[in-house]
Amino acid sequence: MTGLRGARVLVTGASGRIGSVATARLADRGALVTAMCDLRSVPDGADRAVGGDTASFDDVARALEGAELVVHLAALAHRDAGTPYDVYTNNVVSTFNVLTQAAERGVRRAVVAGSINRYGLPQGVDADALPPYLPIDTDMPADVSDWYSLSKLNDENTCRMVWRRWGVDIVTLRFPHVNTMAAIEAQSAELTEHPRRGVTEAWAYLDVRDAARAIELGLTSPSRGANAFYLAAPTTSIPYRTDEVLDAIAPEVPRRRRFVEREVPMDLTDARRLIGFEAEHVLDRQVRDVPAGIR
Ligand SMILES: NC(=O)c1ccc[n+]([C@@H]2O[C@H](COP(=O)([O-])OP(=O)(O)OC[C@H]3O[C@@H](n4cnc5c(N)ncnc54)[C@H](O)[C@@H]3O)[C@@H](O)[C@H]2O)c1
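Participant: Please clarify how helix α5 (residues 181-193) should be interpreted in this entry.
Facilitator: One full turn of an α-helix is made of 3.6 residues, so residues set three or four places apart face in the same direction. Here α5 spans 19 Å end to end across 13 residues, near enough to the 18 Å set by a 1.5 Å rise per residue. For α5, the set of buried residues is M181, I184, S188, L191 and T192. Along the axis of α5, the buried residues cluster in a sector spanning 100°; they form a single face. Exposed residues on α5 whose side chains face more than 90 degrees from its buried face are A182, A186 and E193. Where the residues of α5 are buried, they touch β7 (177-179), β8 (205-207) and α6 (208-220).

Structure representation (structure tokens):
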């Protein structure tokens, strides 16, 4: 494992929910963080702050000065965060721009914010869609019908191209819902009432501190190539046994294995195998029986 002490790391989207926590964590590990951020909201720990647009060649060139490692988080992070044109072009042009310029300057490793949405259903056109099978796994086929999900799916192709052309090792973290534990608890209350609303996301979540830790592990692990995989807390955000709630609300979804108690129906093997990631912050919920008539 490579240490971060003294390494210059460019973090894009560094004022954001994940970027601000990741910047502080990497700085705490001794990295010299260049934060590409909103200059009105420079994150704690930034050694250098650079404003600008990640889709601009010149702005990214400036931000990359001296960078040895890259964490690319900047994106319009939801289907409704802008027009379809803005969300799609902002995200895919930014990822292409940041990674290709980094590669040309000799950066050898990057971590990129992917998304569970890369498989298409959570923000897709069919609100009643169900996963083709469970657990959601690394190879689950994509069925995309919105521009945000398409941007995240295509970003994975960009990562693969950058690895094939320049040999940059890239870890794409397919984040589920990432937030503070207070916000995850609030979402849990809603999904407990309406579990059907969370099935396409496997009721998965990740505390933002764990997201920052996964970013650190992505930078320091010895994994080679362009790898994209899911990660989440090991249990769901709802209080029901996973098999029982699936029996109640989605019995038609094929299950490839049984789930233990509230186990998240998402295959976390690659997160463990490739970067040694296990979530540390887990929502505390007593197991309850699924109420009759729940939807
Ligand atoms: N938070 C989640 O639940 C979640 C889940 C899956 C994936 N992700 C991904 O993780 C990453 C970070 O998410 P977040 O929750 O911190 O989002 P966020 O919206 O809080 O932060 C994203 C930051 O990127 C910046 N940004 C966007 N486009 C930019 C551009 N062209 N130039 C410069 N800056 C730009 C925004 O201003 C913002 O500060 C995103 O790529 C998002 O798609 C987040």
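Participant: What exactly am I supposed to notice about the packing of aromatic side chains here?
Facilitator: Aromatic ring pairs are defined here through the distance separating the ring centres and the angle between the ring planes. Inspection of every chain in the model, using the stated rule, returns 0 aromatic pairs. The ring of Y230 is capped by R174, whose NZ or CZ atom sits 4.9 Å from the centre of that ring. A cation over a ring is seen here: R256 above Y133, with NZ or CZ 3.5 Å from the ring centre.

Participant: I would appreciate a short explanation of the sheet that holds strand β3 (residues 46-50) in the present structure.
Facilitator: Spatial strand order, β3-β2-β1-β4-β5-β6-β9: 7 strands in an open sheet with parallel pairing. Each edge of the open sheet is held by one strand with a lone partner, namely β3 and β9 (226-230). With direction set aside, neighbouring strand axes in the sheet form an average angle of 20°. Two elements, strand β4 (residues 69-72) and strand β5 (residues 109-115), share 4 bridges in a ladder whose sense is parallel. Across the sheet, residue V70 finds its bridge partner in β5, namely A110. The sheet contacts of helix α1 (residues 17-28) involve β1 (8-12), β2 (32-36), β3, β4 and β6 (169-175), and relative to β1 the element is tilted by about 170°. Here helix α3 (residues 84-104) sits on the sheet and contacts β1, β4, β5 and β6; the angle it forms with β4, its principal contact strand, is near 175°.

Calculation criteria
Residues numbered from 1 in each chain as written. Predicted model: local features only at pLDDT ≥ 70, side-chain atom pairs only at ≥ 80, totals over all residues. Heavy atoms only, no water. Helix = DSSP H or I, 4+ residues; strand = E, 2+ residues; numbered from the N terminus. Expected span 1.5 Å × (residues − 1). Buried < 20%, exposed > 50% of the residue type's maximum accessible area, 1.4 Å probe, protein only. Arc of directions from axis to C-beta. Contact = heavy atoms within 4.5 Å. Phe/Tyr/Trp six-rings, centres within 6.5 Å; stacked < 30°, edge-to-face > 60°. Lys NZ or Arg CZ within 6 Å of the ring centre and 35° of its normal. Pairing = 2+ DSSP bridges. Axes fitted to C-alpha atoms, helices over the stretch in contact; angles between N-to-C directions.

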